Amino acid sequence: MEAALLALADAGLSLADVDGVTSAVHNPVEVAHALGVEPTWFDGTTVGGTSFLVHVRHAADAIAAGHANVVLVLHGESRRSTVGRHPRPIPADGMMGQFELPYGVYGPPTMFTLPYMRYAHETGTTVEQLAAVPAIQSEWADGNPRAARPTRVSVDDVLASQPIAWPFTKLMCCMVSDGGGALVVTAADRAKDGRRPPVYLWGAGEAGQSPLVSQMPDLTRAETFERSSTAAFREAGIAVSDIDHLMIYDAFAHVPLYGLEALGVVGRGEAGAFIADGNTRPGGWMPLNTNGGGLRYTHTGMYGMFAIQESVRQLRGEAFAQLEDVEISVVQGVGHFFSEAATLVLSNQEPM
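Everything numeric here is computed off the predicted structure, so don't read it as measured data.

Conventions adopted
- Residues numbered from 1 in each chain as written.
- Predicted model: local features only at pLDDT ≥ 70, side-chain atom pairs only at ≥ 80, totals over all residues.
- Heavy atoms only, no water.
- Axes fitted to C-alpha atoms, helices over the stretch in contact; angles between N-to-C directions.
- Helix = DSSP H or I, 4+ residues; strand = E, 2+ residues; numbered from the N terminus.
- Parallel < 35°, antiparallel > 145°, perpendicular 65-115°, else oblique.
- Contact = heavy atoms within 4.5 Å.
- Nonpolar A, V, L, I, M, F, W, Y, C, P; charged D, E, K, R; others polar.
- Core = buried A, V, L, I, M, F, W, Y, C linked by side-chain atoms within 4.5 Å.
- Buried < 20%, exposed > 50% of the residue type's maximum accessible area, 1.4 Å probe, protein only.
- Pairing = 2+ DSSP bridges.
- Left-handed = near helix turned anticlockwise from the far one by under 90°.
- Salt bridge = Lys/Arg side-chain N within 4 Å of Asp/Glu carboxyl O.
- Phe/Tyr/Trp six-rings, centres within 6.5 Å; stacked < 30°, edge-to-face > 60°.

Draft legend 1. Representation of the packing of helix 3 (residues 51–65) against helix 13 (residues 304–316). Where helix 3 meets helix 13, the closest approach of the two axes is 7 Å, and the angle between their N-to-C directions is 60°. By the angle between their directions, the pair helix 3 and helix 13 is classed as oblique. Between helix 3, through F52, L53 and V56, and helix 13, the contact on the second element is made entirely by G304, M305 and I308. Residues of the contact of helix 3 with helix 13, tallied by class, amount to five nonpolar, one polar and no charged.

The structure is reproduced here in structure tokens:
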């Protein structure tokens, strides 16, 4: 509720202007009712942490089709305190309960280690290169009062942190936090009259695959990333060389490695060295996860909202670690364990 009101105030709008609501954790109609909004359009799509990228795409389509005028894309989640949350055990008769749980695969650390171990075996990526991901992202989050982990750490610090599931240590895993966020989506012409500089959606894409890690066609590739980003880049009319700023969902340290390869920023097996060599740190040629990401900034269980917000802040010139001359920002989201993905191409320039 607080995030919704803050976002509307930021946009110079009120609840009376809202006729569309999205939410992934909670029923969007319940959220709308709590706000006093009677929506003509709503979306409760829940596909893990990338849900909010999907919501932005769907909201833009709804506005273009005339189904809504002003859509609130909302998120609130108390993963750390568990206030308002109910346990969600894995059903014994579901696919995961039948085919993965009996073999000790339970929860993100054990599910995500499976594809990464194969990836490291095939590409030669080292554990030191993996540790460089949170270490370099800590440089972006350093001193940020909104970051849950606001201090710098070294590769050695990451490797020395508590072992979780080989090769992941605690600092290679996202934190568990409470948080919320909101975005206001409306037509470009209307956004020009808002209180803040508008950010334009140039292109978007989404893709889905197997809900089971064990049934991924290739454990070493994020094929959903490839499909969603290809669609978004095509719609936006951009290439990798046009990107000024990049956000890749980073629930665990290896996801940006998969993302950099899937988006075509680097070639096969080059992502670990690309990050370790400093290309994504402050001053590097591909600024990545500039709020610190899910590894250093916040992770409520579904991080996509905060990745979008960092892109918006960079494009509006108000980020904590603000870049110069940012015109195009790309947000790459993942849902669950590479089973869903969505991509947004955002810009502070009107589309051609």
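Draft legend 2. Spatial organisation of the nonpolar core. Counting residues in each nonpolar core, the largest one holds 96 residues, and the members touching the most others are L246, L260 and I308. The greatest single-element share of this core, amounting to eight residues, is contributed by helix 6 (residues 127–141). In this structure L260 touches L246, I248, V265, V266, A271, F274, I275 and L288, once residues within four positions along its chain are discounted.

Draft legend 3. Just the sheet that holds strand 6 (residues 178–186), in detail. Taken together, the four strands give an open sheet; going across it, the order is 2-1-3-6, and neighbouring strands pair in mixed fashion. A strand with exactly one partner marks an edge of an open sheet, and here the two such strands are strand 2 (41–43) and strand 6. Between one strand and the next, the sheet's axes are offset by a mean angle of 15°, whatever the strand orientation. Bridge count for strand 3 (residues 70–78) against strand 6 is nine bridges, and the pairing is antiparallel. Each residue of the ladder has a partner; that of V70, found in strand 6, is T186. Helix 1 (residues 2–11) rests against strand 3 and strand 6 of the sheet, and its axis sits at about 40° to strand 6.

Draft legend 4. View of unusual backbone geometry. Cis geometry is adopted by the peptide bond preceding P167, which originates at W166 and carries an omega value of 0°. Here P167 is to be found in the loop between strand 4 (163–165) and strand 5 (168–169). Although it is not a glycine, N289 sits at a positive phi angle of roughly 50°. With respect to the helices, strands and loops of the structure, N289 is situated in the loop between helix 11 (271–276) and helix 12 (293–296).

Draft legend 5. Representation of the environment of V213 within the structure. Its location among the elements puts V213 in the loop between strand 7 (200–208) and helix 9 (223–236). The sequence separation of V213 and E100 amounts to 113 residues, and the corresponding C-alpha distance is 8.6 Å. If near-sequence neighbours (up to four positions away) are discounted, V213 is found in contact with E100, M111, L114, P115, L219 and F337.

Draft legend 6. Main features of the pairing of strand 3. Burial within strand 3 is extensive, with eight of its nine residues counted as buried. Looking at chain direction, strand 1 (residues 20–23) and strand 3 are connected through four bridges and run parallel. By the bridge assignment, T22 is partnered in strand 3 with V73.

Draft legend 7. Local environment of the packing of helix 9 against helix 10 (residues 255–262). Following both chains from N to C, one finds helix 9 and helix 10 inclined at 45°, their axes separated by 9 Å at the closest point. In terms of orientation, helix 9 lies oblique with respect to helix 10. Note that helix 9 runs across helix 10; the crossing there is right-handed. Of helix 10, the residues touching helix 9 (which contributes F225, E226 and S229) are V255, Y258, G259 and A262. Per-class residue counts for the contact of helix 9 with helix 10 are four nonpolar, two polar and one charged.

Draft legend 8. Up close: the pattern of salt bridges. In the structure shown here, the tally under the stated rule is 13 salt bridges. Where R57 meets E206, a salt bridge forms, and the shortest distance between an N and an O atom there is 3.0 Å. In this pair, R57 is assigned in helix 3 and E206 in strand 7, connecting sequence segments 149 residues apart. Residue classification places R57 among the partly exposed residues on the basis of a relative accessible area of 24%.

Draft legend 9. Structural detail: the sheet that holds strand 7. The strand order 7-10-9-8 describes an open sheet built from four strands, whose pairing is mixed. Edge positions in the sheet fall to strand 7 and strand 8 (245–248), since each of these pairs with one other strand and no more. Strand after strand, the sheet turns through a mean of 10° between neighbouring axes, direction not considered. Helix-sheet contacts for helix 9 involve strand 7, strand 8, strand 9 (328–335) and strand 10 (340–347), and the interaxial angle to strand 7 is about 150°. Packing of helix 10 onto the sheet brings it into contact with strand 8 and strand 9, and relative to strand 8 it is tilted by some 130°.

Draft legend 10. Main features of the packing of aromatic side chains. Taken as a whole and judged by the stated rule, the model has 12 aromatic pairs. Aromatic pair F168 and F252: ring centres 5.4 Å apart, planes at 25°, arrangement stacked. One end of the pair, F168, is in strand 5; the other, F252, is in the loop between strand 8 and helix 10, with 84 residues separating them in the sequence. Across the pair, F252 and F168 agree in class, each one buried.

Draft legend 11. A look at the pairing of strand 10. Here strand 10 lies mainly inside the structure; eight of its eight residues are buried. Pairing between strand 9 and strand 10: eight bridges, direction antiparallel. By the bridge assignment, V330 is partnered in strand 10 with V345.

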